[in-house]
Amino acid sequence: MTTDILADLRWRELLHQSTDEAELAKLLAAPQSAYVGFDPTAESLHVGHMMGLMTLRRFQNAGHRAIALVGGATGMVGDPSGKSQERNLLSVDDLNANVAAIKEQMGRFLDFEGDSGARLVNNYDWMSRFSYLDFLRDIGKHFPVNVMMTKDSVKRRLEGSDAGISYTEFSYMLLQAYDFAYLFEHHDCRLQLGGSDQWGNITAGIDLVRRMHGQHLHGATWPLLTKSDGEKMGKTASGAVWLSAQKTSPYQFYQYWVNVADADAGKCLRSLTELPHEEIEALDQSRAEAPQQRQSQKRLAQWITQLVHGEPGLRAAEQATQVFFGQPIENLSDAELTEIFSDVPSQTLAKDRLGGDGLSLLDAFVEAGLVKSKGEARRRVKEGGAYVNNHKRTDFEQRLTAADLASETVMVLRSGKKKYALLRFEG
RNA sequence: GGGGGGUUAUCCGAGUGGUCAAAGGAGUCAGACUGUAAAUCUGAUGGCGCACGCCUACGCAGGUUCGAAUCCUGCACCCCCCA
């Protein structure tokens, strides 16, 4: 019932480091449990978590048991890996709220149903019961400090003259190592996965279990997903791209993937989708021969949006895309417009402002917040960058009346190529 | 304590009595081009019923003058040199 997951991961370039591959392959010949840790630092997961989620999903699909560990305890301490500064600690209440929200989102990637379903564990559940003395005696004694000092995550902080590292963060490694030991003891979990920055923490866990139980566990990492320009994946000018529809709408989410650079598209298709190898190779070819069609980006956006936001979310994103890129806005209802433009700022005005001579075009743009002054509005019209319901308006003395409504009460204003705002007329 | 320099629009930075809403650059915005990309090119860039008009702006407060970002006085902050 297991497929050759290692081969698939290798093909997708998702194997960065691992413990002995031959041993690992032998282990995975039978169903195993594999775990990935997630930091509950926010109330929603974001694109940066998708590698871990997808990796677990691949293991689950290959017939293994996926264990998602949320770091309720470790989140209170903070992982020094990849960080140049001591992090702010979260309160218990914040953490619990985050964990609850994150659980919900993981359901889109993993099947938690049934006896063989994925498991979600929170290390707070076992760590919080540990007394400091017990932990030092039972766990701490297995950690030679001289070895800990040589780990990259610690070394960097010791060498970095200004930051330093607190005892708390220094101890982080022990907590994560113990997680692995705990999961081994209680869930017979012998494999930990993580991003390449987690290698040190993973090996710490393996070492710990070897010392405590004389057992050899396994670990593997995926390469950190970065963009060709060196930036982190999943960041936009306005912040992270979240998996929560409240924080990042399906349309914005979809657009993020549509706009992935050509140079990054292949990598994303491989690491974040489950598209078959042949299809990905065909897209590689399409990208080389007809990049302007951007088939890779469209397929990528489609696949990922559907996974994260479901079929309805994908449909909404695709419909919004149509409208946002110039389709005339007619024959749509208030409800449809509201749905499509849910990301767009809107202002509500009294309906009678459309009566009589109507509302001046310039005032409408100012009211909608698209421009800061009438002077700027005038400029925009002169430049040919002012649209009402996706129709260009060139006469800045024009006045808008009820005839200019796109639907019952909504008017869609646009400044430039894609900056939209809605005016609702009520009363 | 003494001497010198500075403070200009979103930022950098010119401007030393009128022709200064203030050169130039960056940024931003728009347009063309394009693949919802990058690069490039063009234009705009204090407000106002904006074609010649008015208002607000050159650290702050006063003053000289027909007229000040520009001169004078005081104040605040910053930098440098000497003690």
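Residues numbered from 1 in each chain as written. Chains lettered and ligands numbered in written order. Predicted model: local features only at pLDDT ≥ 70, side-chain atom pairs only at ≥ 80, totals over all residues. Heavy atoms only, no water.

## Quick look at the pairing of strand β3 (residues 65–70)
And then number 1: Among the six residues of β3, five are classified as buried, and the element is accordingly described as predominantly covered.
And then number 2: The pairing of strand β2 (residues 33–38) with β3 spans six bridges and is parallel. Paired with tyrosine 35 across the strands is isoleucine 67, a residue of β3.
And then number 3: Handedness of the crossover joining β2 and β3 through helix α3 (residues 50–61): right-handed.
And then number 4: Relative to strand β4 (residues 119–122), β3 runs parallel, the two being bridged by four bridges. (Buried < 20%, exposed > 50% of the residue type's maximum accessible area, 1.4 Å probe, protein only. Helix = DSSP H or I, 4+ residues; strand = E, 2+ residues; numbered from the N terminus. Pairing = 2+ DSSP bridges. Right-handed = clockwise from strand over helix to strand, strands pointing away.)

## Describing the nonpolar core
And then number 1: Counting 57 residues, the largest nonpolar core has Met50, Phe109, Phe253, Trp257 and Ile304 as its most contacted members.
And then number 2: For this core, the element with the most residues is helix α15 (residues 295–324), which contributes eight residues.
And then number 3: Contacts of phenylalanine 109, omitting those with residues within four sequence positions, involve Met50, Leu53, Met54, Arg57, Gln60, Leu243, Leu307 and Val308.
And then number 4: Among the nonpolar cores identified, the runner-up in size contains 32 residues, and Val77, Ala177, Phe184 and Ile202 belong to it. (Core = buried A, V, L, I, M, F, W, Y, C linked by side-chain atoms within 4.5 Å. Contact = heavy atoms within 4.5 Å.)

## What to know about the packing of aromatic side chains
And then number 1: A complete count under the given rule lists 12 aromatic pairs for this structure.
And then number 2: Judged by centre distance (6.1 Å) and plane angle (70°), the rings of phenylalanine 253 and tryptophan 257 are edge-to-face. Of this pair, phenylalanine 253 and tryptophan 257 both sit in helix α12 (residues 250–258), four residues apart, roughly one helical turn.
And then number 3: Judged by its relative accessible area of 0%, phenylalanine 253 is buried.
And then number 4: Taken together, a centroid distance of 4.9 Å and an interplanar angle of 80° make the contact between phenylalanine 324 and tyrosine 420 edge-to-face. In this pair, phenylalanine 324 is assigned in helix α15 and tyrosine 420 in strand β15 (residues 419–426), connecting sequence segments 96 residues apart. Each member of the pair, phenylalanine 324 as well as tyrosine 420, carries the same accessibility label: buried.
And then number 5: Counting every residue linked through ring pairs, the aromatic cluster contains Trp126, Phe130, Phe135, Tyr178 and Tyr182. (Phe/Tyr/Trp six-rings, centres within 6.5 Å; stacked < 30°, edge-to-face > 60°.)

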